[in-house]
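# Summary of the model geometry
As a plain string of letters, each chain reads:
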Amino acid sequence: MKEHHGPIGPEDYQEPACVLCMDKDRPAPIPQRRVREKLDEYMSRRDYAGAERHLKYWLAEAQQNGDLRGEFFVRGEMMGHYRKVGDKDQSILNANESLNLIDRLSFEGTLSAGTAYVNAATVYDAFGMPERSIELFEKAKAVYEGNLPENDGRLGGLYNNMGLAYMALGRFGEAYESFLKALDVMGKVEHGALEQAITYLNLANAVELEHGLEKGEKKIEQYLEKAAALLDDPTLPRDGYYAFVCEKCAPTFDYYGWFLIADDLKERAKTIYERA
């Protein structure tokens, strides 16, 4: 494969099209696998501007081709991208468009719909609308629990994110229950230690929010110790996702005064990104 040193253009993505061979009654699908792989490359380098250009290009392609499945796929990636960079308006816009496409594609009850519900719910929770997020998480839960095995990481992600929404609403009993379910599922998933670490930090935050730092100190420290141990798991691939999780977890350790752990996680992430 030719190495690129300049801006990535359409020629890097497009397949040559045979105009005479195109069936006007059948939409030309975008190459979803290649779109995701290229997006992963951008994210591994933290090239958020490149990721946005990439997604906008393929959204336009899907819309031009009448490829609703392709648009549904890209919208799902876009709502997550804009959530990560803090763009509320674009994140919510793409979440709503994804939900509308579930109806247009007759995807109700499918795993694809379940994933869209989770992603949209996470967007709403991230931008201060936990009540709306719980509605969507409940829809996702019905789909996932009816179609996925107990050791599927998607279930773990659902329970963890539901826990955050319950926590935001002050429904701590339901939050703890969801977090514990997430830990159980991710304990059965290969390399699930990263998600378990995140969940333990969420538990620490829930304890502080419910009981305060002084009363919850002992429990908080237990959860921090478990999270730190999981992040040190030598079997975990030291890849872009590991770096992302280290960056995500470091501020929580900083907040609770675990500065050495926080600095070490930041350094691990930096080393991985520089290598990419």
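The structure displayed is predicted, hence computed values, not measured ones. (Residues numbered from 1 in each chain as written. Predicted model: local features only at pLDDT ≥ 70, side-chain atom pairs only at ≥ 80, totals over all residues. Heavy atoms only, no water.)

## A few points about the overall build of the protein
Keep this limit in mind: Strands here are runs of E lasting at least two residues and helices are runs of H or I lasting at least four, both read from the DSSP assignment and numbered beginning at the N terminus. What the globule rule says is 2.2 Å times the number of residues to the power 0.38, and the radius of gyration is computed from C-alpha atoms. For each residue, the accessible area found with a 1.4 Å probe, counting protein chains only, is set against the maximum for its type, and the residue is called buried under 20%, exposed over 50%, and partly exposed in between. In what follows, a contact means two residues having at least one pair of non-hydrogen atoms within 4.5 Å. Accessible areas in this description were obtained via Shrake-Rupley with a 1.4 Å probe; residue shielding takes into account the shown protein chains only. When charges are counted, Lys and Arg are positive and Asp and Glu negative, with His and the chain ends excluded. A charge is said to be at NZ when it belongs to Lys, at CZ for Arg, at CG for Asp and at CD for Glu.
Assigned secondary structure in the protein consists of 11 helices and zero strands. Reading the protein from its N end, one meets helices and strands in the order α-α-α-α-α-α-α-α-α-α-α. Taking 276 residues into account, the globule formula puts the C-alpha radius of gyration at 19 Å, and the protein, at 20 Å, falls close to it. Counting only C-alpha atoms, the protein reaches 70 × 40 × 35 Å along its principal axes. Within the protein, the fraction of its 276 residues that count as buried is 44%. Across the protein, the fraction of contacts at a sequence separation of at least 24, relative to all contacts at a separation of at least 6, is 60%. Working note: accessible area of the protein is about 15000 Å², and carbon and sulfur atoms make up 50% of it. Charged side chains in the protein number 34 positive and 47 negative. The centres of these two groups are separated by 2 Å.

## Some details on the packing of helix α2 (residues 48–65) against helix α3 (residues 68–85)
Rules: In this description, a line fitted to the C-alpha atoms serves as the axis of each element, helices being fitted only across the stretch in contact, and the angle between N-to-C directions of two axes falls anywhere from 0 to 180 degrees. Oblique is the label for any angle not covered by the other classes, which are roughly parallel (under 35 degrees), roughly antiparallel (over 145) and roughly perpendicular (65 to 115). Note on convention: the crossing is left-handed when the near helix lies turned anticlockwise from the far helix by less than a right angle, right-handed when the turn is clockwise. Only Asp, Glu, Lys and Arg are considered charged in this grouping, and only Ala, Val, Leu, Ile, Met, Phe, Trp, Tyr, Cys and Pro are considered nonpolar; every other residue, Gly among them, is considered polar.
Interhelical geometry of α2 versus α3 gives an angle of 155° and a closest axis separation of 9 Å. One way to sum up the angle between α2 and α3 is to call them roughly antiparallel. Taken as a pair, α2 and α3 cross one another with a handedness that is left-handed. Seen from α2, the contacting residues are Y48, A51, E52, L55, K56, W58, L59, A62 and Q63; seen from α3, they are G70, E71, V74, R75, E77, M78, H81, Y82 and V85. Of the residues contributing to the contact of α2 with α3, the split by class is 10 nonpolar, three polar and five charged.

## Brief notes about the pattern of salt bridges
Quick reminder of the rule: Here, a salt bridge means any Lys or Arg side-chain nitrogen found within 4 Å of an Asp or Glu carboxyl oxygen.
Summed over all chains, the structure comprises 16 salt bridges. With a shortest N-O distance of 3.3 Å, E71 and R75 are connected by a salt bridge. Taken together, the residues E71 and R75, both in helix α3 and four residues apart, mark about one turn of the helix. The two residues E71 and R75 agree in class, both being buried. A network of salt bridges, in which partner residues are shared, links E150, D184 and K188.

## Quick notes on the nonpolar core
Proteins that are soluble and globular tend to have nonpolar side chains buried together. Threshold: Joining through side-chain atoms within 4.5 Å is the link that ties buried Ala, Val, Leu, Ile, Met, Phe, Trp, Tyr and Cys residues into a set, and such a set is a nonpolar core.
Counting residues in each nonpolar core, the largest one holds 71 residues, and the members touching the most others are I102, Y117, L158, L231, C249 and F253. A total of 17 residues in this core trace back to one element, the largest contributor, which is helix α9 (residues 193–231). With residues near it in sequence (within four places) discarded, Y117 still touches L99, I102, L136, K139, A140 and V143. Counting 15 residues, the second largest nonpolar core, distinct from the first, contains L39, M43, Y57 and M78.

## Things to note about the state of the cysteines
What counts is decided by this rule: Note on terminology: disulfide denotes any pair of cysteine sulfur atoms within 2.5 Å.
All chains considered together, the criterion is met by zero disulfides. In this structure C246 is not part of a disulfide, and its nearest cysteine sulfur, from C249, lies 7.0 Å away.

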